[in-house]
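# Tertiary structure, described
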Amino acid sequence: MKKVAEIIQPDDFHVHLRDNEYLKDTVRYSSKFGRIVVMPNLKPPIITIKQAEEYRNRILKISSEINPLMTLYLHPSTSPVDLREFHNYDWLIGIKLYPAGATTNSEEGINITLLEKYYPLFELMEKYKIPLMIHGEVPDDRIDF
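Keep in mind it's a predicted model, so treat the numbers as computed, not measured.

### Brief notes about the overall build of the protein
Each helix and strand in the protein was counted, giving four helices and five strands. Shown N-terminal to C-terminal, the secondary structure of the protein runs as helices and strands in the order β-α-β-α-β-α-β-α-β. When its C-alpha atoms are laid out on the principal axes, the protein stretches across 55 × 40 × 40 Å. Per element, the accessible surface of the protein, about 9200 Å² overall, is 54% carbon and sulfur.

### A few points about the packing of helix α1 (residues 23-30) against helix α2 (residues 49-62)
Where α1 meets α2, the axes come as close as 9 Å, and the angle between the chain directions of the two elements is 70 degrees. Here α1 lies roughly perpendicular to α2, going by the angle between them. Of the two possible hands of crossing, α1 and α2 adopt the one that is right-handed. Counting all contacts with α1, which are made through Leu-23, Lys-24 and Val-27, the residues of α2 involved are Tyr-55, Arg-58, Ile-59 and Ile-62. Tallied by class, the residues present in the contact of α1 with α2 amount to five nonpolar, no polar and two charged.

### A closer look at the pairing of strand β3 (residues 67-73)
Each regular strand displays side chains that alternate between the two surfaces of the sheet. A large share of β3 lies buried, amounting to six of its seven residues. Relative to β3, strand β2 (residues 35-38) runs parallel, the two sharing four bridges. Paired with Ile-36 across the strands is Pro-68, a residue of β3. Remark: the β2/α2/β3 crossover connection has right-handed handedness. Strand direction decides the pairing type here: β3 and strand β4 (residues 92-97), joined by four bridges, are parallel. Counterpart to Tyr-73 in the pairing with β4 is Lys-96. With respect to chirality, the unit in which β3 leads through helix α3 (residues 80-85) into the neighbouring parallel β4 is right-handed.

### Observations concerning the nonpolar core
A general feature of soluble globular proteins is that nonpolar side chains tend to end up buried together. Formed by 29 residues in total, the largest nonpolar core has its most connected members in Leu-17, Tyr-55 and Ile-59. Excluding anything up to four places from it in sequence, Leu-17 contacts Tyr-22, Leu-23, Thr-26, Val-27, Ser-30, Ile-36, Val-38, Tyr-55 and Ile-59. Counting residues in each nonpolar core, the second largest holds six residues, with Val-37, Met-39, Ile-47 and Tyr-73 among its members.

### Comments concerning helix α4 (residues 119-127)
Those residues of α4 that sit buried are Leu-121, Phe-122 and Met-125. Projected down its long axis, α4 carries its buried residues within an arc of 100 degrees, all on one side. Along α4, the residues that are exposed and aim more than 90 degrees away from the buried face are Glu-123, Glu-126 and Lys-127. Check the buried side of α4 and you find it contacts α3, β4 and β5 (132-134). Note on α4: the residue one or two positions beyond its end, Lys-129, has a positive phi of about 55 degrees.

Quick notes on the rules
- Residues numbered from 1 in each chain as written.
- Predicted model: local features only at pLDDT ≥ 70, side-chain atom pairs only at ≥ 80, totals over all residues.
- Heavy atoms only, no water.
- Helix = DSSP H or I, 4+ residues; strand = E, 2+ residues; numbered from the N terminus.
- Areas by Shrake-Rupley, 256 points an atom, 1.4 Å probe, with all protein chains shown as cover.
- Axes fitted to C-alpha atoms, helices over the stretch in contact; angles between N-to-C directions.
- Parallel < 35°, antiparallel > 145°, perpendicular 65-115°, else oblique.
- Left-handed = near helix turned anticlockwise from the far one by under 90°.
- Contact = heavy atoms within 4.5 Å.
- Nonpolar A, V, L, I, M, F, W, Y, C, P; charged D, E, K, R; others polar.
- Buried < 20%, exposed > 50% of the residue type's maximum accessible area, 1.4 Å probe, protein only.
- Pairing = 2+ DSSP bridges.
- Right-handed = clockwise from strand over helix to strand, strands pointing away.
- Core = buried A, V, L, I, M, F, W, Y, C linked by side-chain atoms within 4.5 Å.
- Arc of directions from axis to C-beta.

Structure (structure tokens):
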């Protein structure tokens, strides 16, 4: 008899837990996964390591059974200091680029016609080997109708 591979505990690499009154339920539903990659598009967005750590602690307070891997929201105020310190936190895994207006809570996202403004941050991310995670959607009625 041929043995079938079994996934013991899967991971979910794109989770929107939200916050406040929704957090308890979304964490509970996500706790079946081993690791989860938590998206930063809250109000306000998670743009600093300190904010990500506070959010992560709120998640772990609800369930210590999951390993939330955190992302930061690419923003005009993204700090070069945070980029330099990024790898001091093993639970940080990337920075998410949201085109402005493309999805839930992306109002503070990036105007994709002005990407040159972010080249210095992209260069630092490359230097520090920080993954850029791109939300692949644009707010264009000719495309998303």
